[in-house]
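# Overview (structure and organization)
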Amino acid sequence: MRLNRFDPSSINVRGGGGGGFPGGVGGGAGCGTIVIALIAALVFGVDPTSMLGGMQGDGAGTVQQGDGSAQSVEQLCTQNAYATEACNALQSLDQTWAPAFQAANIEFRQPTLHFYTGGTQSGCGGASSAMGPFYCPADEGIYIDTGFYDQMQQQLGAGGDFARYYVMAHEYGHHIQKLTGVADAIRSAQSQNPQGANQLQVRMELQADCYAGVWAGKNRNLIEPGDFEEGMTAASAIGDDRLTGGRVSSENFTHGTSAQRSAALRAGLESGDDTVCDRYVQVG
């Protein structure tokens, strides 16, 4: 995908911590909970607030974050090729979604992209790079250890720049859900119906996949040969059935099957219309 180079003055990027898993995760999560979270993280986009209980209230003033003040946005975005790709994608996502919010008369806020190595603290608590990329609604931040992309290719067979852009666009999809109120609605529905919490989580993840496709669909003039196949390969590689070797149960079914995730990405990409993604979050 031929994305324009980022403009350092137009995107929000910060540097995070490094050198291990800091502090703990809040809420006293036990080893079993952490193991479940780490497994789910390989599906992309795990929300640590729902799995580790790390968010206390709105997170304001409770977690000290690395602010990257010693490094400029230019330095952070050019530390490696993956970081540059992520910053290019962030700018494109901002530019694509802002007009849609303006047209819908909904306030739009850019998320902040946090680069970190090893471990960091987010507004949702402590996080390890083993968890993979994630979105934290408390501070509206997308957190990425770019080393994950090598693991994604080597362990999941999901390589190529479009597969990596898909990761960014999926996390950005969770930001869209935060801004539109969908995320809060899902969390409320989950608290009222704990037995259906995983099914509701699946709906949320599939909508984020759909939103990732919408972004690509709205920028189809930038898509190159092979991009569509890379996206479908990545979506298929991260289905619950694929990651569990077909052993899908109510406990590990949290993001959707390979077929569901591929279909959601395809629906958004082929339509370029965010309203097609509404189908996934009818929680009433």
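Note that the coordinates shown come from a computational prediction; the quantities given were computed from them, not determined experimentally. (Residues numbered from 1 in each chain as written. Predicted model: local features only at pLDDT ≥ 70, side-chain atom pairs only at ≥ 80, totals over all residues. Heavy atoms only, no water.)

## Some points on the overall build of the chain
The criterion, for reference: Helix and strand labels come from DSSP, where a helix needs a run of H or I of at least four residues and a strand needs a run of E of at least two; each type is numbered from the N terminus. Burial classes follow relative accessibility: with a 1.4 Å probe on protein chains only, a residue under 20% of its type's maximum area counts as buried, one over 50% as exposed, and anything between as partly exposed. Whether two residues are in contact is decided by their heavy atoms, any of which lying within 4.5 Å being enough. With residues, only the protein chains shown are counted as cover, and all accessible areas are computed by Shrake-Rupley using a 1.4 Å probe.
Looking only at helices and strands, the chain features 11 helices and six strands. By residue count, 52% of the 284 residues in the chain fall in the buried class. When contacts within the chain are restricted to residue pairs at least 6 apart in sequence, those whose partners lie at least 24 apart make up 77%. Accessible surface for the chain amounts to roughly 11,700 Å². Of this, 49% is attributable to carbon and sulfur atoms.

## Observations regarding the packing of helix α8 (residues 197-218) against helix α11 (residues 258-271)
Threshold: Note on definitions: angles span 0 to 180 degrees between N-to-C directions of axes, and those axes are lines fitted to C-alpha atoms, for helices only across the stretch in contact. It is the rotation of the near helix from the far one that decides the hand of a crossing: anticlockwise by less than a right angle makes it left-handed, clockwise makes it right-handed. Here the term charged refers only to Asp, Glu, Lys and Arg, the term nonpolar to Ala, Val, Leu, Ile, Met, Phe, Trp, Tyr, Cys and Pro, and the term polar to all other amino acids, Gly among them.
It is the contact of α8 with α11, at a shortest axis distance of 6 Å, that shows an interaxial angle of 35 degrees. Helix-helix and strand crossings are classified by hand; for α8 and α11 the assignment is right-handed. Contacts from L206, D209, C210, A212, G213, V214, A216 and G217 of α8 reach α11 at Q260, R261, A264, L265, G268 and L269. When the residues that make up the contact of α8 with α11 are grouped by side-chain class, the tally is eight nonpolar, four polar and two charged.

## What about the side chain of S122?
Where we set the bar: In the analysis that follows, any N or O atom pair within 3.5 Å is treated as a polar contact, provided that within protein one partner can donate a hydrogen and the other can accept it, and provided that, for residues neighboring in sequence, both atoms belong to side chains.
With respect to the helices and strands, the residue S122 is situated in strand β3 (residues 119-122). Residue classification places S122 among the buried residues on the basis of a relative accessible area of 1%. A distance of 3.0 Å separates the side chain of S122 from the backbone nitrogen of C124, its partner in a polar contact.

## Quick word on unusual backbone geometry
A positive phi angle, close to 60 degrees, is found at N105, a residue other than glycine. Structurally, the position occupied by N105 is in the loop between α4 (81-103) and β2 (112-117). Backbone geometry places E140, a non-glycine residue, at a positive phi of 55 degrees. Tracing the sequence through the fold places E140 in the loop between β5 (134-136) and β6 (141-144). Under the relative-accessibility criterion, E140 is labelled buried at 12%.

## Quick look at the side chain of T96
Structurally, T96 is set in helix α4. Using a relative accessible area of 12% as the deciding quantity, one classes T96 as buried. A polar side-chain atom of T96 sits 2.8 Å from the main-chain carbonyl oxygen of S92. Residue contacts for T96: discarding those within four places in its chain leaves W215, K218 and N219.

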